[in-house]
Amino acid sequence: MLKGKKVFLRPVKKSDLSVFLKWFNDLEVIQYLGSIRPITEIEEERWIEELGTIRKESDIVFVIEAVNSKKPIGTCGFHHIDYKNQNADFGIAIGEKRYWNKGYGTEAAELMINYGFTQLNLNRISSAVFDFNERSIKLHKKVGFQEEGRRRKYVFINGRFHDSILFGLLREEWKERRKIS
């Protein structure tokens, strides 16, 4: 559906269940998502089903595929979409660790942001990142998000409390940034 040089974003399919279970039960991956317990097959099946039913209006989630391998490497999407006020929360997870730090997440984020502002007519995209997730902080800043605040000692992960950094990107900032690059 959305294609870049490195990644292709497509809708979630039922057949993605096994790869989701692998990613979202990997402690190294889920520490960045704030999850503390394993995801069951039943829970993940229900989540996939809800994307096409009760969450259809509020969430849009894509699977990120690497163009070169045509294999799923992660997910990204918008959550809590508020069409009246034209805003949404952005989230991204690269589950295949060998694709970390290689620009796949950045390109997927840029495709999503473009989709959000041009197709969904959003005016604002928000996101939150834990303070120890340096890769995600770097990604957010690289694609134009501005740090707007912190929820101090918000999550307890790996034996200590961490801040949640709040990011925001406005359509006018995104447009201005596109003129420059």
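See the structure above.
Quantities reported herein were computed from a predicted structural model and do not represent experimental measurements. Each chain carries its own residue numbering, running from 1 in the direction its sequence is written. Two thresholds apply to this predicted model, a pLDDT of at least 70 for residue-level local features and 80 or more for giving and counting side-chain atom pairs, whereas whole-chain, interface and lining totals are computed over all residues. As a convention, hydrogens and water are excluded, and side-chain values are obtained from all of the structure's heavy atoms.

Colleague: Before we go on, may I ask you to explain the pattern of salt bridges in this structure?
Modeller: Between side chains of opposite charge, a pair can form as their charged atoms come close. Criterion for a salt bridge: a side-chain nitrogen of Lys or Arg within 4 Å of a carboxyl oxygen of Asp or Glu. Throughout the structure, instances matching the rule amount to twelve salt bridges. As a salt-bridge pair, Arg150 and Glu147 come within 3.6 Å of each other at their nearest N and O atoms. Here's how the labels work: a residue is buried when its accessible area is under 20% of the maximum for its type, exposed when over 50%, partly exposed in between, all with a 1.4 Å probe on protein chains only. Given the relative accessible area of 42%, Glu147 is considered partly exposed. Between Lys179 and Glu176 there is a salt bridge, and its shortest N-O distance comes to 3.9 Å. On the criterion of helical spacing, the pair formed by Lys179 and Glu176 is a turn pair, its members being three residues apart in helix α6 (residues 171-180). Under the relative-accessibility criterion, Lys179 is labelled exposed at 65%. Members of the salt-bridge network, linked through shared partners, are Arg10, Asp16 and Glu65. Strands are runs of DSSP state E lasting at least 2 residues, helices are runs of H or I lasting at least 4, and numbering of each runs from the N terminus.

Colleague: Even after reading the chapter, I still don't get the pairing of strand β5 (residues 87-94), so can you show me in this structure?
Modeller: Across a regular strand the side chains alternate sides, sitting on one face of the sheet and then on the other. Between any two strands, at least two bridges found by DSSP are needed for them to pair. Here seven bridges tie strand β4 (residues 72-82) to β5, and the two strands are oriented antiparallel to one another. Along β5, the bridge assignment pairs Gly74 with Ile94. Turn length for the β4-β5 hairpin, with the two strands adjacent in sequence and antiparallel, is four residues, and the turn residue Gln86 shows positive phi of about 60°. Summarising the sheet, β5 and strand β6 (residues 124-130) pair through three bridges and their orientation is parallel. Of the residues in β6, the one forming a bridge with Asp89 is Ser126. Looking down the strands as they point away from you, a crossover is right-handed if its path from the first strand over the helix to the second goes clockwise. Read as a crossover between parallel neighbours, the route from β5 over helix α4 (residues 104-118) to β6 is right-handed.

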